[in-house]
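Inside the fold
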Amino acid sequence: MSLEEYRKAYRLGRRVYRNSLSHGESPFLPVLEHILQHATIVSQQPLGVVEIPLDLVIGTYYSGRQPTFTHGFLPLMSESSEFAHKWSRLCDAHLSTGIRDPIVAYEFMNKFYVVEGHKRVSVLRHFGAVSVLGSVTRILPSPDDSEESRIYSRFLDFYALTNINYLWFSHPDGFDNLLRFVHPDNPQAAWSEQDRRDFRSFYTTFRRLFEEKSDGKLNLTVGDAMLIYFNIYDYAASKDKTAAVLRPELSRLWQEICNHDMDVSIHLVLKPTDRRALFPMLSSNHLRIAFIHSGTAETSSWVYAHELGRRDLESAFGGQVETICLDGADTDAEAQQALTAAVYDLSDLIFTTSPRLLQASVQAALANPKIAILNCSLNTSHPSIRTYYARMYEGKFLMGAIAGSLTTDDRIGYIADYPIYGITANINAFALGAKLVNPRARVYLEWSKTIHSDYRSRLHSAGISYISDQDMISSGASLPHYVGLYHNSADKLSNLALPLCRWGKLYERIVRSYLDGSWNNDRMGTQAINYWWGMDSDVIDLICSRSLPEDTLRLIELLKQSIRTGAFVPFSGRIRTQSGQILDYQSRAITPQELITMDWLADNVVGSLPAFDQLLPEAQALTRTQGIQKP
């Protein structure tokens, strides 16, 4: 029987040999001796006896063994050779007691090259074994700036914590992201034996289902696909899932995985679509719409603003639209409960009004594809939901111009909250607005969501009196208040300007497009759809105090109308960053994606983006998914 198995392997090896030659490729195993001639080696590191994934055993160390096998360790020696008889005896041993002696191999860039045990590898691969024990020495190359080297460097750090060598990512951040999914509170914790068993169990099932569904047609690694899955389904809740549970979840997520594989971009809709569809929605007679909030209108100015928008939406449509409010969805479990309640309430549309609710929103959308779910966030690539946000930076630019014209010492304070998508554009737009009217203006940046942050006291102690603070006023609050742009003198707080986000106008336009069918006109293949509307859609405005100088009010009105019509763009001309880099937006327009993902600060901003470990826990949670600079 063992000789017959050799004949099968030999015939397949000859076929691979001929096919390789016909395509102008080498049919033989890669030789590490040859590869190392072109590499700078730093050191060698004994790893002891480890379990080696057989699909990572790709070559031989010595060139003398090269003609014996094709790539894949298929034998090339005739069945009458001594080699064939030794291979057959190993086959008998494998089928009776198993091959137990470790091979000897070198690891280079997480690929393994055999020194001793070539036939053992060949036999085990022939019978579909997954791994082999091996005494391994790691050869460490000198790192360089290549993507491959950066990925390998992150792998070495990952291996030191986990002792896992069977996982790979196509991006350097993949290993760190996985560590955060497995141990969110302490990503740098060494994995226990139980951690390794749990992960191996999940990985084995996930890999089988992924390879079954992808059929080798995707460029993503199993690890890449797994990270996409963990962005939606928590690892802790998923690690014990069976194939029966994972298979439908993976099927629902498949379009998103394919989008990542093809690097499908996000479709940004920058203003409402005016074209009506030929066939309006059948549900246009009456709509049930749920609004789900993280927090309440009484405790959050953000929720209060969206609640005003919900009421405006009801007023705009009369009895045609019925809305419900589900608030206090502060945890993942509460968010899932609220979304489940909205689904059972037979909602046609669901608006989740915070980026914190993004993960739960995607889960609900995947499970209920006939319900339209929209989340208030930026730069999200999930095709199963739509997202929306307002171009707040346009209002911030006008506020900066007001502050720059009023300051008497060229110093202005700016208080930001979360370092997430869109926030840096707000800061820089404010700074550029101030610089437009006052070239000497400096903007002193503080963050309200950092640990031990006494941000207002620091600005007050520095004698800075013109300050841009939180954007939205709380329920029951009255002016004067620490909101918008204000002047804080020794004995008086005066509100000067307040950015206005008309969420009701945005909700009305989206719902109207759903009713008249133009909602479908926004769809661009399988792209995720992000609505990002501003002054030209009447979503963003600025309320100014009548106490402002007449000339200042006239200037702001002129700038506002110019932005509204597109005659003026806040980010235009040559902009110098803090690092001294010159960004030329004179010869080309800044793109929406550049605005959303902006990670630099203008040269007249004094301050920096906070590090992840400086943030409060609530800010860290949001930054993991929406952060400009993720941990």
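Conventions used here
Residues numbered from 1 in each chain as written. Predicted model: local features only at pLDDT ≥ 70, side-chain atom pairs only at ≥ 80, totals over all residues. Heavy atoms only, no water. Helix = DSSP H or I, 4+ residues; strand = E, 2+ residues; numbered from the N terminus. Buried < 20%, exposed > 50% of the residue type's maximum accessible area, 1.4 Å probe, protein only. Contact = heavy atoms within 4.5 Å. Areas by Shrake-Rupley, 256 points an atom, 1.4 Å probe, with all protein chains shown as cover. Lys, Arg positive; Asp, Glu negative; His and termini not counted. Charge placed at Lys NZ, Arg CZ, Asp CG, Glu CD. Axes fitted to C-alpha atoms, helices over the stretch in contact; angles between N-to-C directions. Parallel < 35°, antiparallel > 145°, perpendicular 65-115°, else oblique. Nonpolar A, V, L, I, M, F, W, Y, C, P; charged D, E, K, R; others polar. Polar contact = N/O pair within 3.5 Å; in protein donor to acceptor, adjacent residues only side chain to side chain. Core = buried A, V, L, I, M, F, W, Y, C linked by side-chain atoms within 4.5 Å. Salt bridge = Lys/Arg side-chain N within 4 Å of Asp/Glu carboxyl O. Phe/Tyr/Trp six-rings, centres within 6.5 Å; stacked < 30°, edge-to-face > 60°. Lys NZ or Arg CZ within 6 Å of the ring centre and 35° of its normal. Pairing = 2+ DSSP bridges.

Digging into the overall build of the chain
Looking only at helices and strands, the chain features 20 helices and 21 strands. The dimensions of the chain, computed from C-alpha atoms along their principal axes, are 100 × 55 × 45 Å. Here the chain holds 631 residues, and 51% of them are scored as buried. Taking contacts inside the chain between residues at least 6 apart in sequence as the whole, the part at least 24 apart equals 73%. As displayed, the chain offers around 28,700 Å² of accessible surface, 49% of which is attributable to carbon and sulfur atoms. Between the mean site of the 62 positive side-chain charges and the mean site of the 69 negative ones, the chain shows a separation of 4 Å.

Here's the deal with unusual backbone geometry
Note on backbone geometry: most residues besides glycine have negative phi, and most peptide bonds are trans. Look at F73: it is not a glycine, yet its phi comes out positive at around 60°. Mapping F73 onto the fold places it in the loop between β2 (57-60) and α3 (82-96). You will see that D263, though not glycine, has its phi angle at about 55°, which is positive. Residue D263 is classed as exposed on the basis of its relative accessible area, which comes to 66%.

Thoughts on the packing of helix α5 (residues 147-162) against helix α6 (residues 173-182)
Where α5 contacts α6, the axes come no closer than 8 Å and their chain directions differ by 30°. Relative to α6, α5 is oriented roughly parallel. Contacts between α5 and α6 pair I151, R154, F155, F158, L161 and T162 from the former with D173, F175, D176, L178 and L179 from the latter. Considered class by class, the residues forming the contact of α5 with α6 number 7 nonpolar, 1 polar and 3 charged.

A closer look at the side chain of N379
With respect to the helices, strands and loops of the structure, N379 is situated in the loop between β10 (372-376) and β11 (386-390). Using a relative accessible area of 15% as the deciding quantity, one classes N379 as buried. Here Q593 takes part through its side chain, which lies 2.6 Å from a polar atom of the side chain of N379. Setting aside anything within four residues of it in sequence, one finds N379 in contact with I266, Y421, N530, Q593, I596 and T597.

Examining the environment of V443
For V443, the location among the structural elements is in strand β13 (residues 442-447). C-alpha of V443 to C-alpha of E508: the two residues are 65 residues apart in sequence and 36 Å apart in space. V443 has contacts with I412, Y414, F430, A431, N604, V605 and V606, leaving out every residue within four places of it along the chain.

With respect to the nonpolar core
Core analysis: the largest hydrophobic core is formed by 92 residues, its most contacted members being I52, L167, L178, F199, F206, I257 and I350. The biggest single contributor to this core is helix α8 (residues 222-232), with 8 residues. Residues contacting I52, with those up to four places away along its chain left out, are V57, I103, A105, F112, V130, S131, V132, G134, V136 and N165. In this structure, L268, A441, F571 and I590 belong to the second largest nonpolar core, which totals 88 residues.

As for the pattern of salt bridges
Taken as a whole and assessed by the stated rule, the structure comprises 39 salt bridges. For R440, the salt bridge is made with D410, and the minimal N-O distance between the two is 3.4 Å. With R440 in the loop between α15 (423-437) and β13 and D410 in the loop between α14 (392-406) and β12 (411-416), this pair connects stretches of sequence that are 30 residues apart. Here E446 and R458 are joined by a salt bridge, their closest N and O atoms 2.6 Å apart. Residue E446 is located in strand β13, and its partner R458 is located in helix α16 (residues 455-461); the two are separated by 12 residues in the primary sequence.

Side note on the packing of aromatic side chains
Inspection of every chain in the model, using the stated rule, returns 49 aromatic pairs. Pairing Y166 with Y203 gives two aromatic rings, centres 4.9 Å apart and planes at 45°, and the pair type is tilted. Placement of Y166 in the loop between α5 and α6 and of Y203 in helix α7 (residues 193-214) is noted, with a sequence separation of 37 residues between them. Each member of the pair Y166 and Y203 is classed as buried. Measuring from centroid to centroid gives 6.5 Å for Y389 and W503, while their planes differ by 80°, and the two rings are edge-to-face. Of this pair, Y389 sits in strand β11 while W503 sits in helix α17 (residues 503-516), placing them 114 residues apart in sequence. Side by side, Y389 and W503 carry an identical accessibility label, which is buried. The ring of W168 carries K111 above its face, with NZ or CZ at 5.9 Å from the centroid.

Things to note about the sheet that holds strand β17 (residues 529-533)
Working definition: the strands of a sheet are paired by backbone hydrogen bonds and lie parallel or antiparallel to each other. Strand order across the open sheet formed by 7 strands is β6-β17-β11-β10-β9-β7-β8, with parallel pairing between neighbours. Edge strands, defined here as strands with exactly one partner in the open sheet, are β6 (267-269) and β8 (321-326). Each neighbouring strand pair of the sheet contributes to a mean axis angle of 20°, computed without reference to strand direction. Relative to β10, strand β9 (residues 349-352) runs parallel, the two being bridged by 4 bridges. Bridge pairing links F351 to L374 in β10. Packed onto the sheet, helix α11 (residues 301-317) meets β7 (287-292), β8, β10 and β11 and runs at close to 165° relative to β8.

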